[in-house]
Amino acid sequence: MDPLKIKFHEKASALRTEMRALLKEHGDKKIDEVVLSQAFGGARGVKMMIWETSSLDAQSGITFRGYSIPELQEILPKGEGTEPLPEGLFWLMLVGEVPTEEEVKWLSDKWTNRSQVPQHVFDAIEALPVNAHPMTQYTVAINAMQTESVFARRYAEGMNKSEYWDATYEDTMNLLARLPRVAAYIYRRSFKNGDHIAPDHKLDWAANFAHMLGVKDDGFKDLMRLYLTIHADHEGGNASAHTTHLVGSTLSDTYNSLSAGMNALAGPLHGLANQEVIKWVFKMLDALGTKTPSKEQISDYVNSTLANGRVIPGYGHAVLRQPDPRFVAQRTFAEKHLSDDELIQTIWRVFEVVPPILQSLGKVKNPWPNVDAHSGALLVHYGLTDFSYYTVMFGVSRAMGVLAAQCWSRALGMPLERPKSLTTDWVKKFIAEA
Ligand code: CMX
């Protein structure tokens, strides 16, 4: 067994024992009450699942195993660059310990060793029209890789349930090793005439992804390290995490669960918002006929978007009630490295204009920017102007969180997820009787 797997097994066995004792003694303790508006309103705030890898607070935002993004930037190993290596975050999410430089190097090497993508996965991508949305290509590719699933194979052979975690760990490590290659292949196929770039096995996970995309600037490598770190996990209730968890709870293997989760990420109210933001910004610049719109011009454009019955992409959140720390981390990166960029300055001006307008509507619970409000402008700066690709990059990162969490679900023996639904007739009768 490899050292990460041994460490994970020790931690998970201990928590499993603790969890069983805790449930035996306190299993009937009430942690929540659900009101009708939550049943009709997308189950906001209902406490109904366990997720070890990260936790989201409405005011302070995301923490990974208790560490905020600025803290991660301090404590995680950085390798060649100035931003944390995402491999370190995966280690932290999986075993709850900050890894050493050597441990992160070991993980980078491990993923490199496992990174060979079978040819039929590229063939499956090639069977799609070249203009198929990159997220469609991405989910098809993940499904095509399912032929490699250690979990599916061992389950068919009669695996003991005490070994589910082990097979899931293997699938997780293989998938994370291969996703950057698959994602870069989709980019080069869709937007660079299929002129593919071979991996550079000397580079860390994020830098190699940047290299295979074909962006040469070292600043972009560092941006990728930050980007792939901050998008990795946002506790368990968001649509991509929850979908991965739900599908995984049927013992659908890691590939099928991740592909389902990535389909959820492809919705415009979730991960696809990153492409929607930049499209919206460029449409605004076009409509206004300027690259440097004033606050008044932006304000008029925001109002016209709202008047057309559309949301302002990149703003609002189901849980957060403050500017998203992931937005702040990207803004800080831009302030440090790219503060002269006109498009980025426009994003900052939009940030000054949108919240008071959304607030004035009286119904938007969170008028502040989320992670997607900033990411596109940074990518455009480095020449990545193919907006429909952006959600795939989000998806490469998100895989780390949802797969680390799946390892935990399997190790803790989490059951099939199956909440109760109600009919409106049931609700009316309940009200009448109450
Ligand atoms: N622009 C305009 N209206 C907005 C809005 C926005 N950015 N955010 C919320 N609203 C509206 C809602 O559409 C809703 O209107 P109706 O009552 O007319 O249906 C009302 O305000 C209340 O919504 P809410 O409780 O504040 O927000 P929800 O929890 O229902 O939805 C979210 C959250 C993210 C879907 C919503 O804020 C939104 O649509 N934002 C724009 C899309 C976006 O940026 N999504 C990315 C989120 C981050 C991620 O997952 O990647």
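Definitions and cut-offs
Residues numbered from 1 in each chain as written. Predicted model: local features only at pLDDT ≥ 70, side-chain atom pairs only at ≥ 80, totals over all residues. Heavy atoms only, no water. Helix = DSSP H or I, 4+ residues; strand = E, 2+ residues; numbered from the N terminus. Rg over C-alpha atoms; globule rule 2.2 N^0.38 Å. Buried < 20%, exposed > 50% of the residue type's maximum accessible area, 1.4 Å probe, protein only. Contact = heavy atoms within 4.5 Å. Areas by Shrake-Rupley, 256 points an atom, 1.4 Å probe, with all protein chains shown as cover. Lys, Arg positive; Asp, Glu negative; His and termini not counted. Charge placed at Lys NZ, Arg CZ, Asp CG, Glu CD. Axes fitted to C-alpha atoms, helices over the stretch in contact; angles between N-to-C directions. Parallel < 35°, antiparallel > 145°, perpendicular 65-115°, else oblique. Nonpolar A, V, L, I, M, F, W, Y, C, P; charged D, E, K, R; others polar. Near = heavy atom within 4 Å. Polar contact = N/O pair within 3.5 Å; in protein donor to acceptor, adjacent residues only side chain to side chain. Pairing = 2+ DSSP bridges. 1 Å grid on protein atoms, 1.4 Å probe; cavity = no way out; pocket = protein on both sides within 12 Å on 5 of 7 lines; lining within 4 Å. Points joined across faces, edges and corners; volume = space filled by probe spheres on them. Salt bridge = Lys/Arg side-chain N within 4 Å of Asp/Glu carboxyl O. Expected span 1.5 Å × (residues − 1). Left-handed = near helix turned anticlockwise from the far one by under 90°.

A.B. asks: Explain the overall build of the chain here, please?
C.D. replies: Tallying secondary structure elements over the chain gives 20 helices and 2 strands in all. Computed over C-alpha atoms, the radius of gyration of the chain comes to 22 Å, within 12% of the 22 Å expected from 2.2 N^0.38 for 434 residues, which places it in the range of a compact globule. Along the longest, intermediate and shortest principal axes, the C-alpha atoms of the chain span 65 × 65 × 45 Å. The 434 residues of the chain split such that 50% are buried. Sequence separation of at least 24 residues holds for 75% of the intrachain contacts in the chain that already meet a minimum separation of 6. For the chain, the accessible surface area stands at approximately 19,500 Å², while carbon and sulfur atoms represent 52% of it. Distance between charge centres in the chain, computed from 45 positive and 51 negative side chains, equals 5 Å.

A.B. asks: Hey, could you run me through the packing of helix α7 (residues 134–144) against helix α13 (residues 254–265) in this one?
C.D. replies: Angle between the axes and distance between the axes are the two parameters that describe a pair of packed helices. Running from amino to carboxyl end, α7 crosses α13 at an angle of 170°, the nearest separation of the two axes being 8 Å. On the basis of their axis angle, the class for α7 and α13 is roughly antiparallel. Mapping the contact onto sequence places Met 135, Tyr 138, Thr 139, Ile 142 and Asn 143 in α7 and Tyr 255, Asn 256, Leu 258, Ser 259, Met 262, Asn 263 and Leu 265 in α13. Classifying every residue of the contact of α7 with α13 gives 7 nonpolar, 5 polar and no charged.

A.B. asks: Please clarify how the side chain of Asn 370 should be interpreted in this entry.
C.D. replies: With respect to the element layout, Asn 370 can be found in the loop between α17 (342–361) and α18 (372–381). Setting aside its immediate chain neighbours within four residues, Asn 370 contacts Gly 314, Tyr 315, Gly 316, His 317, Asp 324 and Phe 327.

A.B. asks: What am I meant to see in the site of the ligand here?
C.D. replies: Taken together, the neighbourhood of the ligand is formed by 20 residues, with His 270, Gly 314, Tyr 315, Lys 363 and Asp 372 sitting nearest. At a separation of 2.8 Å, a nitrogen atom of the ligand approaches a polar backbone atom of Tyr 315. Between Asp 372 and the ligand, the recorded distance is 2.7 Å, taken from a side-chain N or O atom to an oxygen atom. Taking 900 Å² as the accessible area of the ligand by itself, protein coverage stands at 75%. Partitioned by chemical class, the residues of the shell around the ligand number 11 nonpolar, 5 polar and 4 charged.

A.B. asks: For this particular structure, what's the right way to read the pairing of strand β1 (residues 54–57)?
C.D. replies: Strand residues, when the strand is regular, have side chains that alternate between the two faces of the sheet. What you see with β1 is a clean split: Ser 54 and Leu 56 sit on the buried side and Ser 55 and Asp 57 on the side with no burial. Bridge count for β1 against strand β2 (residues 61–64) is 4 bridges, and the pairing is antiparallel. What sits directly across from Ser 55, in β2, is Thr 63. Two successive antiparallel strands, β1 and β2, enclose a turn made up of 3 residues.

A.B. asks: How should the layout of surface pockets be read in this particular structure?
C.D. replies: Over the atoms, a rolled probe matching the size of one water molecule traces out where space is still vacant. Roughly 420 Å³ of internal volume is contained in the second largest pocket. Contributing to the lining of the second largest pocket are 21 residues, with Arg 16, Lys 161, Tyr 164, Arg 410 and Gly 413 lying nearest its centre. Contributing elements (two or more residues each) for the lining of the second largest pocket: α1 (3–26), α9 (164–191), α12 (239–248) and α19 (390–411). Counting residues per element, the lining of the second largest pocket draws most heavily on α1, which supplies 5 residues.

A.B. asks: Would you mind showing me how to read the pattern of salt bridges here?
C.D. replies: Side-chain pairs of opposite charge can arise where the charged atoms are in close proximity. One pass over the structure, following the stated rule, counts 21 salt bridges. Across the pair Arg 225 and Asp 204 runs a salt bridge, and its minimum N-O distance is 2.9 Å. With Arg 225 in helix α11 (residues 218–230) and Asp 204 in the loop between α9 and α10 (205–213), this residue pair connects regions lying 21 residues apart in the sequence. You can call Arg 225 buried: its relative accessible area is 4%. For Arg 331, the salt bridge is made with Glu 335, and the minimal N-O distance between the two is 3.7 Å. Residue Arg 331 and its partner Glu 335 are located together in helix α16 (residues 325–337), separated by 4 residues, close to a single helical turn. Judged by its relative accessible area of 22%, Arg 331 falls in the partly exposed class. Residue classification places Glu 335 among the partly exposed residues on the basis of a relative accessible area of 42%. Several salt bridges share partner residues, and in doing so they unite Lys 5, Arg 114, Arg 154, Glu 163, Asp 166 and Glu 170 into one network.

A.B. asks: Sorry, what's going on with α1 here?
C.D. replies: Owing to its 3.6 residues per turn, the α-helix brings residues three or four apart onto one side. Under the 1.5 Å per step criterion, the end-to-end length of α1 is 34 Å for 24 residues, consistent within 8% with the ideal 34 Å. Within α1, the full set of buried residues consists of Leu 4, Lys 5, Phe 8 and Ala 12. The elements touched by buried residues of α1 are α4 (86–95), α5 (101–113), α9 and α19. Structurally, the start of α1 carries an N-cap: the backbone nitrogen of Leu 4 is 3.0 Å from a side-chain oxygen of Asp 2.

A.B. asks: Just to check I follow, could you spell out the side chain of Asn 238 for this structure?
C.D. replies: Mapped onto the secondary structure, Asn 238 falls in the loop between α11 and α12. Since its relative accessible area comes to 15%, Asn 238 is described here as buried. Among the polar contacts listed, one links the side chain of Asn 238 to the side chain of Ser 240, at a separation of 3.0 Å. Separated by 2.9 Å, the side chains of Asn 238 and Arg 398 make a polar contact.

A.B. asks: What is the right way to look at α10 in this model?
C.D. replies: Along α10, 8 of the 9 residues are buried, which leaves the element largely enclosed by surrounding structure. All of the buried residues along α10 are Trp 205, Ala 206, Ala 207, Asn 208, Phe 209, Ala 210, Met 212 and Leu 213. Check the buried side of α10 and you find it contacts α4, α5, α9, α11 and α19. One or two steps after α10, the chain reaches Gly 214, where phi turns positive at roughly 100°.

A.B. asks: Explain the packing of helix α6 (residues 119–126) against α7 here, please?
C.D. replies: Where α6 contacts α7, the two axes come as close as 9 Å, and the packing angle between them is 145°. Of the two elements, α6 crosses α7, and the hand of that crossing is right-handed. Residue-level contacts link His 120, Val 121, Ala 124 and Ile 125 of α6 to Gln 137, Val 140, Ala 141 and Ala 144 of α7. Tallied by class, the residues present in the contact of α6 with α7 amount to 6 nonpolar, 2 polar and no charged.

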